[in-house]
Amino acid sequence: MARSANGSGLKQLNHSGMKWDDSGKNGYHRITTEKLGAGISTASRQNKQESFEQAPMYVAVCTYMGFGIVTLFGYFRDFLRAVGLEKCNLAQEREEQKDFVPLYQDFENFYTRNLYMRVRDNWNRPICSLPGPVFDLMERVSDDYNWTFRFTGRTIPNVINMGSYNYLGFAENNADFLKTVADKVQQYGAGVCSTRQEIGNLSIHEELEQLVANFLGVESAMTYGMGFATNSMNIPALVGKGCLILSDELNHTSLILGARLSGATIRVFKHNNMHSLEKMLKEAICCGQPRTHRAWRKILIMVEGIYSMEGSVVRLPEVIALKKKYKAHLYLDEAHSIGAVGATGRGVTELFHVNPADVDVMMGTFTKSFGASGGYIAGKKELVDYLRSHSHSAVYASAMSPPVTEQIIRAIKCIMGKDGTTEGIRRIRQLAENTRYFRARLKEMGFIIYGNDDSPVIPVLLYMPGKVVAFAREMLQRKIGVVVVGFPATPITEARARFCLSAAHTRAMLNQVLQHLNEVGDLLCLKFSRRKRPSSLDLCEETDFGLDS
Amino acid sequence: MNVGTAHSEVNPNTRVMNSRGMWLSYTLSIGLLHLILLSIPFVSVPVVWTLTNMIHNLCMYLLLHTVKGTPFQTPDQGKARLLTHWEQMDYGVQFTASRKFLTVTPIVLYLLTSFYTKYDRVHFVVNTVSLLTVLIPKLPQLHGVRIFGINKY
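Residues numbered from 1 in each chain as written. Chains lettered and ligands numbered in written order. Predicted model: local features only at pLDDT ≥ 70, side-chain atom pairs only at ≥ 80, totals over all residues. Heavy atoms only, no water.

Enquirer: Help me understand the overall build of chain B, please; the structure alone is not making it clear to me.
Expert: Regarding its fold elements, chain B presents 5 helices and 0 strands. Along the chain direction, N to C, the helices and strands of chain B fall in the order α-α-α-α-α. Overall size of chain B, expressed as C-alpha extent along the three principal axes, is 55 × 35 × 25 Å. For chain B, contacts bridging at least 24 residues in sequence account for 67% of all contacts bridging at least 6. Working note: accessible area of chain B is about 8600 Å², and carbon and sulfur atoms make up 74% of it. Here chain B holds 12 positive side-chain charges and 5 negative ones, and the gap between their average locations is 3 Å. (Helix = DSSP H or I, 4+ residues; strand = E, 2+ residues; numbered from the N terminus. Contact = heavy atoms within 4.5 Å. Areas by Shrake-Rupley, 256 points an atom, 1.4 Å probe, with all protein chains shown as cover. Lys, Arg positive; Asp, Glu negative; His and termini not counted. Charge placed at Lys NZ, Arg CZ, Asp CG, Glu CD.)

Enquirer: How should I be thinking about the sheet that holds strand β7 (residues 299-304) of chain A in this particular structure?
Expert: For sheets, the rule is that strands pair by backbone hydrogen bonds, running either parallel or antiparallel. All names here are of chain A. Spatial ordering of the open sheet is given by β4-β10-β9-β8-β7-β5-β6, a layout of 7 strands whose pairing is mixed. One side of each edge strand has no neighbouring strand; the edge strands of this open sheet are β4 (220-224) and β6 (265-269). Ignoring which end each strand starts from, the neighbouring axes of this sheet average 20° apart. Relative to strand β8 (residues 329-333), β7 is paired through 5 bridges, and the arrangement is parallel. When the sheet's bridge partners are listed, Leu300 is paired in β8 with His329. In the packing of helix α9 (residues 253-262) onto the sheet, the strands contacted are β5 (244-248), β6, β7 and β8, and the crossing angle to β7 comes to about 165°. (Pairing = 2+ DSSP bridges. Axes fitted to C-alpha atoms, helices over the stretch in contact; angles between N-to-C directions.)

Enquirer: Would you take a moment to explain the environment of Glu474(A) for this structure?
Expert: Residue and element names in this part refer to chain A. Topologically, Glu474 is positioned in helix α17 (residues 465-477). Remark: the alpha-carbon pair of Glu474 and Leu517, spanning 43 residues in sequence, is separated by 9.7 Å. Dropping the residues within four chain positions of it, Glu474 is found in contact with Val520 and Leu523.

Enquirer: How should the sheet that holds strand β12 (residues 457-461) of chain A be read in this particular structure?
Expert: All names here are of chain A. Pairing is antiparallel across the open sheet formed by 3 strands, whose spatial order is β12-β15-β14. The sheet terminates laterally at β12 and β14 (483-485), the two strands that pair on one side only. Each neighbouring strand pair of the sheet contributes to a mean axis angle of 30°, computed without reference to strand direction. Across 3 bridges, β14 lies against strand β15 (residues 496-500) in antiparallel orientation.

Enquirer: I'm lost on the interface of chain A and chain B in this one. Help?
Expert: By a widespread convention, an interface's size corresponds to the accessible area lost as its parts come together. Between chain A and chain B, the residue contacts involve 31 residues of the former and 27 residues of the latter. Between chain A and chain B, a total of about 2500 Å² is buried, with carbon and sulfur atoms accounting for 62% of that surface. Counting the surface chain A buries against chain B, the share from its top three residues, Tyr64(A), Phe107(A) and Glu108(A), is 25%. Remark: the boundary between chain A and chain B carries 1 salt bridge. Two residues, Arg81(B) and Glu108(A), come together in a salt bridge whose shortest N-O distance is 2.9 Å. For the pair chain A and chain B, the interface holds 5 residue pairs in polar contact (both at pLDDT 80 or more). Elements with a minimum of two residues in the side of chain A that touches chain B: α4 (57-83), α5 (110-119) and α9 of chain A. Element by element, the count of residues in the side of chain A that touches chain B is highest for α4(A), at 5 residues. Each residue belonging to the side of chain A that touches chain B can be placed in one class, and the counts come to 21 nonpolar, 6 polar and 4 charged. (Buried area = accessible area lost by both parts, 1.4 Å probe. Salt bridge = Lys/Arg side-chain N within 4 Å of Asp/Glu carboxyl O. Polar contact = N/O pair within 3.5 Å; in protein donor to acceptor, adjacent residues only side chain to side chain. Nonpolar A, V, L, I, M, F, W, Y, C, P; charged D, E, K, R; others polar.)

Enquirer: Can you walk me through the nonpolar core in this structure?
Expert: Nonpolar side chains in soluble globular proteins tend to end up buried together. Residue and element names in this part refer to chain A. Among the nonpolar cores identified, the biggest contains 101 residues, and Met162, Phe438, Phe471 and Phe499 are the most heavily contacted of them. Here this core gathers at least three residues from each of two domains, domain 1 (52-161 + 423-530) and domain 2 (175-416). Once residues lying within four places of it in the same chain are set aside, the contact partners of Phe499 are Met162, Phe438, Pro456, Val457, Ile458, Val460, Phe471, Val482, Val513 and Leu517. (Core = buried A, V, L, I, M, F, W, Y, C linked by side-chain atoms within 4.5 Å. Buried < 20%, exposed > 50% of the residue type's maximum accessible area, 1.4 Å probe, protein only. Domains from an automatic or database assignment.)

Enquirer: Please explain the UniProt feature "transmembrane region" (unreviewed entry) in chain B as it appears in this structure.
Expert: UniProt annotation of "transmembrane region" (unreviewed entry) refers to residues 23-51 of chain B when read in the numbering used here. Helix makes up 79% of residues 23-51 of chain B and strand 0%, whereas the separation of the span's terminal C-alpha atoms amounts to 22 Å. (UniProt positions renumbered as here; feature names shortened; annotations may be inferred.)

Enquirer: Before we go on, may I ask you to explain the pattern of salt bridges in this structure?
Expert: Any two side chains of opposite charge can pair, on the condition that their charged atoms come close. Residues and elements named next belong to chain A. Under the criterion given, the structure shown has 34 salt bridges over all chains. Between Arg478 and Glu519 there is a salt bridge, with its nearest N and O atoms 2.5 Å apart. With Arg478 in the loop between α17 and β13 (480-481) and Glu519 in helix α18 (residues 507-524), the pair connects residues that are 41 residues apart, well separated along the chain. A relative accessible area of 19% places Arg478 in the buried class.

Enquirer: Honestly, the domain arrangement of chain A in this entry has me stumped. Any pointers?
Expert: Residue and element names in this part refer to chain A. According to the domain assignment, chain A consists of domain 1 (52-161 + 423-530) and domain 2 (175-416). Domain 1 and domain 2 are separated by 30 Å when their C-alpha centres are compared. At the interface, 19 residues of domain 1 touch 19 residues of domain 2. With both sides pooled, the region where domain 1 packs onto domain 2 buries about 1500 Å², and carbon together with sulfur makes up 66% of that total. Considering only the side of domain 1, the residues that lose the most area to domain 2 are Ile428, Val457 and Arg498, jointly responsible for 29% of the buried surface there. On inspection of domain 1 and its partner domain 2, the count reaches 1 salt bridge. Here domain 1 and domain 2 share 6 residue pairs in polar contact (both at pLDDT 80 or more) between them.

Shown next, in the form of structure tokens:
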């Protein structure tokens, strides 16, 4: 996109003297003002802000009431189980060992047995087709209130899939597209049976790394077989004791695990809050290490491109300005944003028109937008060469298997246009259009959604525990599969349903989902938004003047 | 690990009392309790106030100072297993806003009760003992202290 994300970001870019394509941006704005008047262009710039609207207070009070009632009933049921009036389905101590030190901590699974078990038919649903835009679910019923399940033998066909990270629609079964993958299996075999450092370095890996480096616009890249392990095994190779890690509040588990394994000091700053980050940077540089007050060996700022539970996008220009001012390093985890945002799918660096060389370590995964598995770390040649010998993954983990590597290669070639078709760019535009349409329609209906308008991850806030469950069940009855999350995975008042859009979703599917969402929203009273809703008229104009890739 | 969580908070219990609307819900629930007690016929107003005070303090003592650990598994390897909810709040930092609020509320309730019971002697003794059971465990000197080994494990 030729526009940058937010106004304040622009000012900081100017101060740090970075260049970007000025004339293109100005030219674009002139065209829009000529065509449609000044109102629309300011509205579209406001669109790029992130929103985390708070629900009215009565919603929070009702949420606590809901948890309180469920807790009371939980205690009551525990009492009945202890007395013997209710069958206890949990693991229990043997009779002769009842006087020993207890083996099971009863209170720790209070939540699991009294809340989660009652409603756990909404999670871990087995699917029996590939996770494309529609999939088949296996029908399962429970005779004892979700303690055990049995399959009826039937499947629920053609459930619309709003939960898979299938952003560009590469989770597909097209024989033509997959022909190269089949050829590579013939040529290289299915597995590698070795680590990269021993005899597992195949020529196809070199080809992939070259391609990834070209795709991202950096000097060099290295790929690993598992996305989670890319973070947890490489951060210890980059930082160690005496270094400082400034990590965002909502960072993924893999980043937290990598940070803990490294032995560096970890400080957490408030989500996407640049004041908090700057305060911590200043304090780190002024005060140094905790007791000795020596300077930190390295300061590493860890952020993600798109945060998967909030849908928010990192404020990349501001982080880079801070990093340059205080001479820290930046680790950017683009697990959800690579391939999904940016005009040609290059991720948040392209979204904000930032030079990729400014980000010291670019990390990403191939699981989401590329329909494969694994991760990469990209950056300067010295960095990647160092990781080739010092990374734990390179030495101990087995290398990426050839068919998976070929799938990533063909997906990247498709996105870059190197396979000779415009399929890649079509998918990226379709995803951007789907994202914009879906978000705009949801806001218009009155739901509270979090996140940036560009992100294909859309959390719809449900708040109350009963509504979370009712929502998931009701949507399944209408043949739409959604992912819901509640406490303690989210803060107690922010239970949500997370929609992940895909380029493979057609407008008809989205309309069907939106229509059902509308009905379920009215049925369960989920439309808490108190914002002024844009009328449908503005909406038509917005999507009509076309995509500004 | 915090697998599948939307935050990097090791123990969500520490933030529950700071959440939006919790203080209001707490005050409203005291009001609701009082209304329910007032609806019982043949019970006089001073007795109702003393009952409110006593039931509130009893529930607070049970929930904040007796029940230990978390109702869900946390990735902190059991650091909070032997801590009551009061000790877990804000990871043990003293004098935070929620702690001050939860200390002040029983005192305000006690003052109201004293007024409505017209400072009668029996009511005074009962209410004061009840208030002390709820105030003493909140002192920072008693953080992690288990008198006579009661409730240690």
